[in-house]
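These are the residues of each chain, in order.
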Amino acid sequence: MYRYDSYDQAMVDARVAEFRDQARRRLEGKLTEDQFKPLRLTNGLYLQLHAYMLRVAIPYGTLDSRQMAMLATIADKYDRGYGHFTTRQNIQYNWIKLEDCADALADLATVEMHAIQTSGNCIRNISSDHFAGAAADEVVDPRPYAELMRQWSSFHPEFTYLPRKFKIAVIASEKDRAAMRLHDIGVRIVKRDGEVGAQFYAGGGMGRTPMVAPLIRDFVPIDQFITYAEACLRVYNRYGRRDNKYKARIKILVHELGAAEYIRQVEEEFAHLLSVGVEPPREELARIAEYFALPPFRHPSESWDLEQLQSKVAGDPSFRWDDGFGQWVRQNTHPHKAPGYVSAVISLKPAGGIPGDATSDQMRVVARLAKEYSFDELRVMHTQNLLLPHVRIADLPAVWAALDAAGLGSANMDTIEDIIACPGLDYCSLANARSIPLAQRISERFAQSGRTELVGELKLKISGCINACGHHHAGHIGILGVDKKGKENFQLSLGGSEAEDVSLAKITGPGFDEDGVIAAVETVTEVYLASRTEGERFLDTYRRIGMEPFKEALYG
Amino acid sequence: MGDTQNLGTSPDEVQFRFRDDEPVDHAAVTVDSVLDQTNAAAVRIEPGDDARLLLPFLDRLALVEVNFPVFGDGRGYSAARILREAGYTGELRAVGAVLIDLLSHMRRCGFDSFAPDKRLDEEDAARAFATWANVYQRAADRRATIADKRHEA
Amino acid sequence: MKILTGNDLRSGAVTWWNGTGWSLFVDDAVDVGEEAEEILAREEAARRVNAPYACQATIDAAGHVRPAHIKDRVRALGPTVRRDLAVPTAQKTGWDWVI
Ligand code: HEM
Ligand code: SF4
C-alpha cells in the first residue's frame, strides 16, 4: 500500500494548519458563513440536519489496520461511536463539532488520512475498483494510477473553483466494479501490444440528469496520462456552465457541445499542454507502483482451495457448509489472482440494519482481522461494505467466526439485502424522504421470508432526493424519495446497472408511500421469479421482457 | 470609448505586488477593444472572456487584470495560466473577490499582483502566500514539484 | 406561528429561538411574528447561531410546538433510525410526531 513520504505528510499537515486557521477566523468572526462555507467544504465539513458532518477520504478505497483503528478512535473521541461508509469510498461522521474539527483532522493526519477535497467544486476523492490489486481479472493494479491522480488533483491551483464537483474513477479490468462510466471522468487502464495506457470516458454522472459517459479517447500513452486529464479539466473549467448549478456538471457540457466537439477541444488543449510539459517525471509512477507490489502470498500448498475447505470443515457444527459459514463463503468471497486466496466481503448490511454504518467496535474488529489475515490491507467498497482483499482460504473459518461474532457476518453480497442507501432525511438537509428506514424494512422482510437467496443477484439502490447519492439510477431496482405535499413518497425504477453493462433505470409509473413501495418491490421480484429463465438475474429478465409485465403487476 | 475610461484598478488599489517594475498607471480596456487594435498596454479579462484571443498582442501588453466578480468562479485561474504558458511576462493582476484563501493558488497560476476589493489582513495574507512549502503540480510559477524533487539526480 | 431555528456555530447542535437565547428543545420555541428578519440578522452577526432561518409551526393538541415541515421535525428530535441518540424531548413527543 502507498505510504506518505515527508512531502506528502507535510502537505496534509499544512492543510490541517490552514484549516485550523480558517476555523479560528470563522469563530472569531473574521469570516462570514458565506466566506467560510467553501473553505470548510474543501475540507469535507458540511452542515447537515443535526450537526456538522465530516467526510473523510479513503483514496481509492484502500486503507490499513492502523488507519481503520484511527477511524474508530475518531468516532469515539469526536463523534458518537459510529461512522457511515459511503458509495464514494469515504466515511462520514455525523456529529463533529466545528471547534473540534481541526483536532480530528490532526489525528487523522498522524495516520496519513485527511478530508481534503471531499466536498466543494473541486476534484474529489479518486475512487477505484475495490478488488484492485487482488482481482483475478485485472490488467494491472489500477491504484498506482489513482495515486498519481490523487497527488495531481490535491490542491490543484487551477481546478479548485470548477463549475461543479468533479469525480474520477480509475479501474483496470473489463468488469466495472466502480461505476466508472457514471463518473465525470472514468479511466480504464488497458494494455495494447504490451504497452500500458489509459482509456478515458467523460461526462457521466447521476444527479437529476443521469448520463453514461461516452468514450473520449481509446488510448492515452501512460506517460501522458496526467497531461490528458489536465486538458479535460481545463476545457471544463473554461466552458462548463456556471449560470445554473443544475447544469454545471461536465456531463451537461459534453452533452451540449456533443462528444465530438468536446473531444476536439480537449485534443487541442492536450497538444498545447504536451508542449508546455505538465506531466510528472516518469520515475514517479514507478516509485508509486513499488508500494503496490503484491504481498508475499504463501505457496498454494500451504492453503486450500474451496473444495478442500468444504471437506475440512465437514462435520464441524460451527462451520456448516449448507448454512451460515458456507453461505458466506459462497456469497461473499471473490476469486483472487493468487491461488489459495480469496477476497472476502464484510457486509455492512445486516438485515434490518443501517446500510454502511459501522460502530467503532466493529471497525476495530475489522482492523484486527486485516492485520492478522489480509496483509494489513482493507478496502471500502462503493456498495458501502468493507473488504479483506487477500485472505488465505484456510483462514476463512477464523475470519468468519470473528465477523459473525461482531454482527458483520451477513452472507448477502449483491443480493436484495445488500442495499445501497444514502443518509436521506434522517441526516441530510437536502433530502425529501428517508432512505434508511426503507432499506431496513426491505432487507428485514426478505431475510425473514427467506427469499433473498431465491431472488439471487439484485441490486437495490435508494436515494432520498434527486441528487442520487444512493445511485438509484443505476439500481436493478431503484427507489427515489420525493416530496408529495409534505409527505414522503417514493418513485420506483427498474433496469439500471452501474457495471460494465451500464444502463439507466426507468421509472415504473406513479409513486408510492412507504408501505406501498415495499409491497411494490415484492411485486416486481415476484414478476421476476415467475418469468425468469434458467440462470437469469433480475436485470436480465427485465431486459428481456421489458417494463410492461412489471407495470401490469404494479398498477393493474 | 467612454465605457473604457474607468475600467480597471489603479496602482493604489494593489495591495500585494511581487514585481519590481513600475506599475502601469492608466486604465485598462476590454478584451474586445484590444482586438479592435487600440494601443492600450493594459487589458481587463472578465470570466467569460477567452484569454487566448490576447495571445497575438502579448508583446504590447504590460498589465493584464483578471477580474473575479465572485470568488467561486474559477475561470480566471485558467486564463492566468494560459497567458503565462504563452510567454506573457507582464503584470498579471487578480482583482475583485480576492480572498485570503485564494492567494496561494492564484500565485501558482501566475498572478503577481493582487487588488482585492476589500483589503486583506496583512498577517493572514502573509501566512496564506507561504502556505505551500512544496507543490504537487507543474504550474505557471515553474516551481520544482514534489515529484521533481523526489527524482532529482 | 413563525419560529426560528439554526445550528450552534461551535457545536453544530440544532437550536430554537426562545425569545432571549437559543434552546436545544423545540418546545421552547416562541412565535417571533414580524421580528424574524431582525433577530436572525442580529443573532447570526453575533455568531450565536449558524445558518438560521424562520419556519412555520403550530401548537399541537398535546401542547407541543410542531414545525410544519417534516425536515424540521426530524431536526427537532434526531435521526428516526437512531432513537438512542435523540434529543431528550423525543420522549415527550413520541416518534409518530415526526411523520
Ligand atoms: C449527507 C450529505 C450529503 C450531501 C449534502 C450530498 C450532496 C450531493 C449533491 C448535491 C449531489 C448532486 C450533485 C449534482 O448532481 O451536481 C450529490 C451526488 C452524489 N453523492 Fe452526495 N451528498 C451527501 C451524502 C452522500 C453520501 C452518503 C454518499 C454515498 C453514499 C454520496 C454519494 C454521492 C454520489 C455517488 C453522487 C452522484 C454523483 C453524481 O452526481 O454524478 N453523497 N450529493
Ligand atoms: S441523495 Fe439527496 S437525500 Fe440522499 S444524501 Fe444525497 S443529497 Fe441527501
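This write-up is about the structure you can find in this document. (Residues numbered from 1 in each chain as written. Chains lettered and ligands numbered in written order. Predicted model: local features only at pLDDT ≥ 70, side-chain atom pairs only at ≥ 80, totals over all residues. Heavy atoms only, no water.)

**Digging into the overall build of chain A**
The helix and strand tally for chain A stands at 18 helices and 20 strands. Taken over the C-alpha trace, chain A has a radius of gyration of 23 Å; the compact-globule value for 556 residues is 24 Å, and the two agree within 12%. When the backbone C-alpha atoms are referred to their principal axes, chain A occupies close to 65 × 60 × 55 Å. Buried positions account for 65% of the 556 residues belonging to chain A. Look at the contacts in chain A between residues 6 or more apart in sequence, and 68% of them connect residues 24 or more apart. Counting only carbon and sulfur atoms, one obtains 50% of the accessible surface of chain A, whose full area is about 18600 Å². Side-chain charges in chain A split into 66 positive and 75 negative, and the spacing between the mean points of these groups amounts to 5 Å. (Helix = DSSP H or I, 4+ residues; strand = E, 2+ residues; numbered from the N terminus. Rg over C-alpha atoms; globule rule 2.2 N^0.38 Å. Buried < 20%, exposed > 50% of the residue type's maximum accessible area, 1.4 Å probe, protein only. Contact = heavy atoms within 4.5 Å. Areas by Shrake-Rupley, 256 points an atom, 1.4 Å probe, with all protein chains shown as cover. Lys, Arg positive; Asp, Glu negative; His and termini not counted. Charge placed at Lys NZ, Arg CZ, Asp CG, Glu CD.)

**Structural notes on the overall build of chain B**
Regarding its fold elements, chain B presents five helices and six strands. Counted from the first residue to the last, chain B has its helices and strands arranged as β-β-α-β-β-α-β-α-β-α-α. Over its C-alpha trace chain B gives a radius of gyration of 16 Å, about what one expects of a compact globule, namely 15 Å for 153 residues. Referenced to the eigenvectors of the C-alpha coordinate spread, the extents of chain B come out at roughly 55 × 35 × 30 Å. Looking at chain B as a whole, 56% of its 153 residues are labelled buried. Of the contacts made within chain B by residues no fewer than 6 positions apart, 52% connect residues no fewer than 24 positions apart. Summed over all atoms, the accessible surface of chain B reaches about 6700 Å², with 47% contributed by carbon and sulfur. Taken together, the 19 basic and 27 acidic charged side chains of chain B have centroids lying 7 Å from each other.

**Focus: the site of ligand 2**
Lining the immediate surroundings of ligand 2 are A:Cys422, A:Pro423, A:Gly424, A:Cys428, A:Leu430, A:Ala431, A:Ser463, A:Gly464, A:Cys465, A:Asn467, A:Ala468 and A:Cys469. Taken together, the residues of the shell around ligand 2 break down into eight nonpolar, four polar and no charged. (Near = heavy atom within 4 Å. Nonpolar A, V, L, I, M, F, W, Y, C, P; charged D, E, K, R; others polar.)

**A word on the arrangement of the chains**
The pair of protein chains exhibiting the most contacts, out of two pairs of chains in contact, is chains A and B. These two, chain B and chain C, are apart from each other, with no contact and a minimum C-alpha gap of 19 Å.

**A closer look at the pattern of salt bridges**
Summed over all chains, the structure comprises 86 salt bridges over all chains. Residue B:Arg127 pairs with A:Asp21 through a salt bridge whose shortest N-O separation is 2.6 Å. Of the two residues, B:Arg127 sits in helix H4 (residues 122-129) while A:Asp21 sits in helix H1 (residues 6-27), which places them in two different chains. Overall, B:Arg127 belongs to the partly exposed group, its relative accessible area being 38%. Owing to a relative accessible area of 13%, A:Asp21 belongs among the buried residues under this scheme. In this structure, the salt-bridge partner of A:Arg25 is B:Asp101, at a minimum N-O distance of 3.1 Å. Linking A:Arg25 in helix H1 with B:Asp101 in the loop between strand S5 (91-96) and helix H3 (103-108), this pair reaches from one chain into another. Of the two residues, A:Arg25 and B:Asp101, neither departs from the other in class, the shared state being buried. Salt bridges sharing partners connect three or more residues here, namely A:Asp21, A:Arg24, A:Arg25, A:Glu28, A:Lys30, B:Asp101, B:Asp121, B:Glu123, B:Asp124 and B:Arg127. (Salt bridge = Lys/Arg side-chain N within 4 Å of Asp/Glu carboxyl O.)

**A look at the sheet that holds strand S12 (residues 341-346) of chain A**
Residues and elements named next belong to chain A. Pairing in this open sheet of five strands is antiparallel, and the strands run S3-S14-S15-S12-S11 from one edge to the other. Where the open sheet ends on each side, the last strands, each with one partner, are strand S3 (62-63) and strand S11 (333-335). Sheet analysis places strand S14 (residues 378-380) next to strand S15 (residues 386-392), joined by two bridges and oriented antiparallel. Looking at S15, one finds that valine 380 is bridged to leucine 386. Its contacts with the sheet place helix H12 (residues 360-373) against S12, S14 and S15, and it is angled at close to 25 degrees to S15. (Pairing = 2+ DSSP bridges. Axes fitted to C-alpha atoms, helices over the stretch in contact; angles between N-to-C directions.)

**Notes on the sheet that holds strand S6 (residues 113-116) of chain B**
Residues and elements named next belong to chain B. The six strands are arranged S1-S6-S5-S4-S3-S2 in an open sheet whose pairing can be described as mixed. Taken across any chain shown, the strands that pair with only one partner, and hence form the sheet edges, are strand S1 (16-17) and strand S2 (29-30). In terms of strand pairing, strand S4 (residues 63-68) meets S5 through six bridges, oriented parallel. Directly across from valine 64, in S5, lies its bridge partner leucine 92.

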